[in-house]
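Each chain, letter by letter, is given below.
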Amino acid sequence: MQRQIMKWAFAGAISALAAGAMAADGGGHRAWADAWSASPDTTGPVLDAQTVRQVVRTSVGGSELRVRLSNLFGSVPVTLGPVHVAQSAGAADTVPGSDHVLLFGGKPTVTIAKGESALSDPLTMDLKPLQQLAVSIYVPADAHDHPATIHNAGLATAYITEHGDATAAVRFLREETSGSRFYLTDVEVAGPAPRHTLVAFGDSITDGVGSKQDANERWPDYLAARLQADPRLSSIAVADAGIGGNRILHDNYGPSALARFERDALDKPGVSWVVLLEGINDIGGSGYAWDAKDKIGAQQLIDGMKTLIARAHARHVKIYGATLTPYGGSGWPYHSAAGEKMREQVNAWIRSSGAFDGVVDFDKAVRDPAAPKKMLAAYDSGDHLHPNSAGYRAMAAMVDLKLFAGNP
């Protein structure tokens, strides 16, 4: 899979949510939710005395925010900062007068050990739902050429200066751009009302590959907009934990689902639900695998899902299983008769086993009724594997919002 490549009575739903799982700050009062996420998956270019500005869209509003920066794949400690956040004015520019400095332990810079991450201090800032923010990070001079920890397929443009600290600049004179996310993995939001997080956990289909660049047209983005359109569910944040090429059982482009599930899903602040869409790369990868360990069967994949379900339930988090979308025509050996049989076996188990707390039938949402092994042409990005923006909209529309009402 390319690298860059889901009528309950709603009365009292919000008060029930307030009694559910919440992540609070050290004072134990504010309920934080993960309003935006990009799971780190590899290393990228070296930034040397340069500023990178990244535009993100928060899935819920609030009165405070904080960001998480990651050095997960770094080989040495990295120092970052200053870090600024402002309202985006479109492209690389910001709205005048909206700029704020983020602090880390009261300081404008932070040194992050290799393999670790850092959470900024809370910042008071009025945030609207689905608001575009520009997060600017200065990376001081690097004498040793240490690659940045990135999320590879950002489906969003990162703007990079040639040299110097431009974190406070309203007009950002970028010298280069990238399609990846640098260091920034989470934007967390809090406010007076309780908030909860829904984690969309998956591979490049959850990551939005095939959708329009800089358009926020991944299925988790469309789902966030649906939740915001319902006042009874507008306290629910959506965190996208998709990684291109991700597998359940084995590492590929980034750590496997089994290896990263706690960090990228269960440890998110306010997490109450996970929608799991994983497995197509395990199946496709099995088609061309040279190593015996990568040759898998349906039962191994099901057992991997059972492990994730058990981990979620141990943390009192509901987990919904999403059926694997059709990929006929994507090319042999990634798609094969044996792989298609495995996909259908896994989907049958997801639908009928009762192991998940609920089911989201993404397969039904995008398949061609006349040729169910293939994606409907109107939803196909062109590679017969990834939906386009219309396909992602159809997937989000298939999610039953009743799954997120009531006490998690």
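Presented here is an overview of the structure given in this document.

Thresholds, definitions, all that
- Residues numbered from 1 in each chain as written.
- Predicted model: local features only at pLDDT ≥ 70, side-chain atom pairs only at ≥ 80, totals over all residues.
- Heavy atoms only, no water.
- Phe/Tyr/Trp six-rings, centres within 6.5 Å; stacked < 30°, edge-to-face > 60°.
- Buried < 20%, exposed > 50% of the residue type's maximum accessible area, 1.4 Å probe, protein only.
- 1 Å grid on protein atoms, 1.4 Å probe; cavity = no way out; pocket = protein on both sides within 12 Å on 5 of 7 lines; lining within 4 Å.
- Points joined across faces, edges and corners; volume = space filled by probe spheres on them.
- Helix = DSSP H or I, 4+ residues; strand = E, 2+ residues; numbered from the N terminus.
- Nonpolar A, V, L, I, M, F, W, Y, C, P; charged D, E, K, R; others polar.
- Core = buried A, V, L, I, M, F, W, Y, C linked by side-chain atoms within 4.5 Å.
- Contact = heavy atoms within 4.5 Å.
- Salt bridge = Lys/Arg side-chain N within 4 Å of Asp/Glu carboxyl O.

## Observations concerning the packing of aromatic side chains
Considering all chains together, one arrives at 6 aromatic pairs under this definition. For the pair Tyr-327 and Tyr-334, a centre-to-centre distance of 5.7 Å together with 90 degrees between the ring planes defines the contact as edge-to-face. Residue classification places Tyr-327 among the buried positions, given a relative accessible area of 0%. A residue is classified by how much of its surface remains accessible, and Tyr-334, at 11% relative accessible area, is buried.

## Brief notes about the layout of surface pockets
Its boundaries defined by the atoms lining it, the largest pocket holds a volume of some 310 Å³. What lines the largest pocket is a set of 22 residues, among which Arg-68, Ser-117, Asp-186, Arg-263 and Lys-268 lie closest to the centre. Looking at the lining of the largest pocket, the elements that each hand over two or more residues are strand 2 (31-37), strand 5 (62-70), strand 11 (117-119), strand 18 (184-191) and helix 4 (257-266). Here the lining of the largest pocket is composed, by residue class, of 6 nonpolar, 6 polar and 10 charged.

## Quick word on the nonpolar core
Within the largest apolar cluster, 63 residues are counted, with the highest numbers of intra-cluster contacts made by Phe-201, Trp-219, Leu-227, Phe-261, Val-274, Met-305 and Phe-404. Element by element, the count of residues in this core is highest for helix 6 (residues 298-314), at 7 residues. When near neighbours in sequence (up to four residues on either side) are disregarded, Phe-201 contacts Thr-206, Ala-241, Ala-257, Arg-260, Phe-261, Asp-264, Ala-265, Val-274, Val-275, Leu-276, Leu-277 and Glu-278.

## Topic: the pattern of salt bridges
As enumerated under the stated definition, the model contains 17 salt bridges in all. Among the ionic pairs, Arg-343 bridges to Asp-363, the shortest N-O distance being 3.2 Å. Of this pair, Arg-343 sits in helix 7 (residues 337-352) while Asp-363 sits in helix 8 (residues 362-366); the two residues are 20 residues apart in sequence, bridging distant segments of the chain. Like Asp-363, Arg-343 is buried. The structure contains a network of salt bridges with shared partners spanning Glu-340, Arg-343, Arg-351, Asp-361, Asp-363 and Arg-367.

## Here we look at empty space enclosed by the protein
Unoccupied space between atoms shows up once a probe the size of one water molecule is rolled over them. Here the largest cavity is characterised by a volume of approximately 220 Å³. Looking at the largest cavity, it is lined by 20 residues, and the ones nearest its centre are Trp-36, Ser-37, Arg-218, Asp-221 and Asp-240. Elements with a minimum of two residues in the lining of the largest cavity: strand 2, helix 3 (219-228) and strand 20 (236-242). Taken together, the residues of the lining of the largest cavity sort by class into 8 nonpolar, 6 polar and 6 charged. Lining the second largest cavity are Asp-203, Ile-205, Leu-277, Glu-278, Ile-280, Leu-324 and Thr-325.

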